[in-house]
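One-letter residues, chain by chain:
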Amino acid sequence: MDAIATVDPGSLAARENVPDAAAAVVGFWWRAGPAAWFAKDAAFDRDFRDRFLRLHEAAARGDCDGWMATPYGALALLLLLDQFPRNAFRDTPRMYASDGKARAIAAEAIDAGFQRMVDPALRLFFGLPFAHSEDIADQDRSVALARDIGPSDLKRAEHHRDIIRRFGRFPHRNPILGRAMQSQEQCFLDEGGFAG
């Protein structure tokens, strides 16, 4: 965590040549920390949405693609395109609307080696766009990326991939996306299977 733990977003922008808005996204996410990153917390979701909705929309349009010039700029794009919608638009189809762009950004950033240039605690966000995909090739890529991060990330990635292998999709998304639920998918959910 030393890479950005002792600096404010303004310092990150100056030191790493990251645009101010990108540094603000990374700084917000960093300060929230792992306890907030994957929790379902309405107050956190609202704060994230209120601060960065316009920036998310700009990133989704491609207006922030220039951020790809730096590792932390790429990370900010991934947070806005992959994580932000899952918080800001929870339980609506819009939470998946920028997934394709997030995967494209992640692929380009990984090809540039950017995931190895950010703080280790933040590297997983380069692989999550693949873990969120319902395509098995993306899931395989997620598992391969998670191997470099650590055992807990690998276990999570393998679990996601196993669901896609079994069902070809994430059953918990069916009601959100208006898809018909298959009986085996409902059984999986009823028995405590991954629900997002």
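Just so it is clear, the structure is predicted and the values come from calculations on it, not from any experiment. (Residues numbered from 1 in each chain as written. Predicted model: local features only at pLDDT ≥ 70, side-chain atom pairs only at ≥ 80, totals over all residues. Heavy atoms only, no water.)

Along the backbone of the protein there are twelve helices and zero strands. For the protein, the α and β elements follow one another from N to C terminus as α-α-α-α-α-α-α-α-α-α-α-α. For 196 residues, the compact-globule estimate of 2.2 N^0.38 gives 16 Å, and the protein sits close to it at 17 Å. Judged by the C-alpha coordinates and their principal axes, the protein covers about 55 × 35 × 30 Å. A fraction of 59% describes how many contacts in the protein between residues 6 or more apart in sequence connect residues 24 or more apart. Entry remark: accessible area of the protein is about 9,200 Å², with carbon and sulfur atoms responsible for 51%. With 25 positive and 28 negative side-chain charges, the protein shows a separation of 2 Å between the mean positions of the two kinds. (Helix = DSSP H or I, 4+ residues; strand = E, 2+ residues; numbered from the N terminus. Rg over C-alpha atoms; globule rule 2.2 N^0.38 Å. Contact = heavy atoms within 4.5 Å. Areas by Shrake-Rupley, 256 points an atom, 1.4 Å probe, with all protein chains shown as cover. Lys, Arg positive; Asp, Glu negative; His and termini not counted. Charge placed at Lys NZ, Arg CZ, Asp CG, Glu CD.)

One non-glycine residue with positive phi stands out, namely Asp-91, at about 65°. A relative accessible area of 54% places Asp-91 in the exposed class. (Buried < 20%, exposed > 50% of the residue type's maximum accessible area, 1.4 Å probe, protein only.)

A separate point is the pattern of salt bridges. Evaluation of the coordinates by the stated rule reveals 14 salt bridges. When the shortest N-O distance is used, the salt bridge between Arg-61 and Asp-63 registers 2.9 Å. Taken as a pair, Arg-61 and Asp-63 share a single burial class, namely exposed. One salt bridge connects Arg-156 with Asp-153, and the closest N-O pair in it is separated by 3.6 Å. Of this pair, Arg-156 and Asp-153 both sit in helix α10 (residues 151–167), three residues apart, which is roughly one turn of the helix. A relative accessible area of 14% places Asp-153 in the buried class. Within the structure, one salt-bridge network assembled from shared partners comprises Asp-82, Arg-86 and Asp-99. (Salt bridge = Lys/Arg side-chain N within 4 Å of Asp/Glu carboxyl O.)

At their nearest, the axes of helix α6 (residues 71–88) and helix α7 (residues 99–111) sit 9 Å apart, and the two run at 155° to each other. When the interaxial angle is binned, α6 and α7 end up roughly antiparallel. The crossing of α6 and α7 is left-handed. Where α6 abuts α7, its residues Ala-74, Leu-77, Leu-78, Leu-81, Asp-82 and Arg-86 lie against Asp-99, Lys-101, Ala-102, Ile-105, Ala-106 and Ala-109. Its residues assigned to classes, the contact of α6 with α7 comprises eight nonpolar, no polar and four charged. (Axes fitted to C-alpha atoms, helices over the stretch in contact; angles between N-to-C directions. Parallel < 35°, antiparallel > 145°, perpendicular 65-115°, else oblique. Left-handed = near helix turned anticlockwise from the far one by under 90°. Nonpolar A, V, L, I, M, F, W, Y, C, P; charged D, E, K, R; others polar.)

What follows covers the nonpolar core. Across soluble globular proteins, you tend to see nonpolar side chains buried next to one another. Counting 50 residues, the largest nonpolar core has Trp-29, Phe-52, Trp-67, Leu-75, Leu-122, Phe-125 and Phe-126 as the members making the most contacts within it. Where this core is concerned, the elements lending two or more residues are α3 (20–32), α4 (34–37), α5 (42–61), α6, α7 and α8 (124–131). Sequence-distant contacts of Phe-126, that is, excluding residues within four places in its chain, are made with Pro-71, Ala-74, Leu-75, Leu-78, Ala-106, Ala-109, Ile-110, Phe-114, Gln-115, Val-118 and Leu-145. Counting residues in each nonpolar core, the second largest holds six residues, with Ile-163, Phe-167, Phe-170 and Phe-188 among its members. (Core = buried A, V, L, I, M, F, W, Y, C linked by side-chain atoms within 4.5 Å.)

Here the focus is the packing of aromatic side chains. In total, this model carries 15 aromatic pairs according to the counting rule given. Centroid distance Trp-29 to Trp-37: 5.9 Å. Interplanar angle 0°. Geometry classified as stacked. The buried category is assigned to Trp-37, whose relative accessible area is 5%. Ring centres 5.2 Å apart and planes at 40° place the aromatic pair Trp-29 and Phe-48 in the tilted group. In this pair, Trp-29 sits in helix α3 while Phe-48 sits in helix α5, placing the two residues 19 residues apart along the sequence. The same class applies to Trp-29 as to Phe-48, namely buried. Put simply, the rings of Phe-28, Trp-29, Trp-37, Phe-38, Phe-44, Phe-48, Phe-52, Phe-84, Phe-89 and Phe-125 pair up and form one aromatic cluster. (Phe/Tyr/Trp six-rings, centres within 6.5 Å; stacked < 30°, edge-to-face > 60°.)

These figures capture arrangement, not role.
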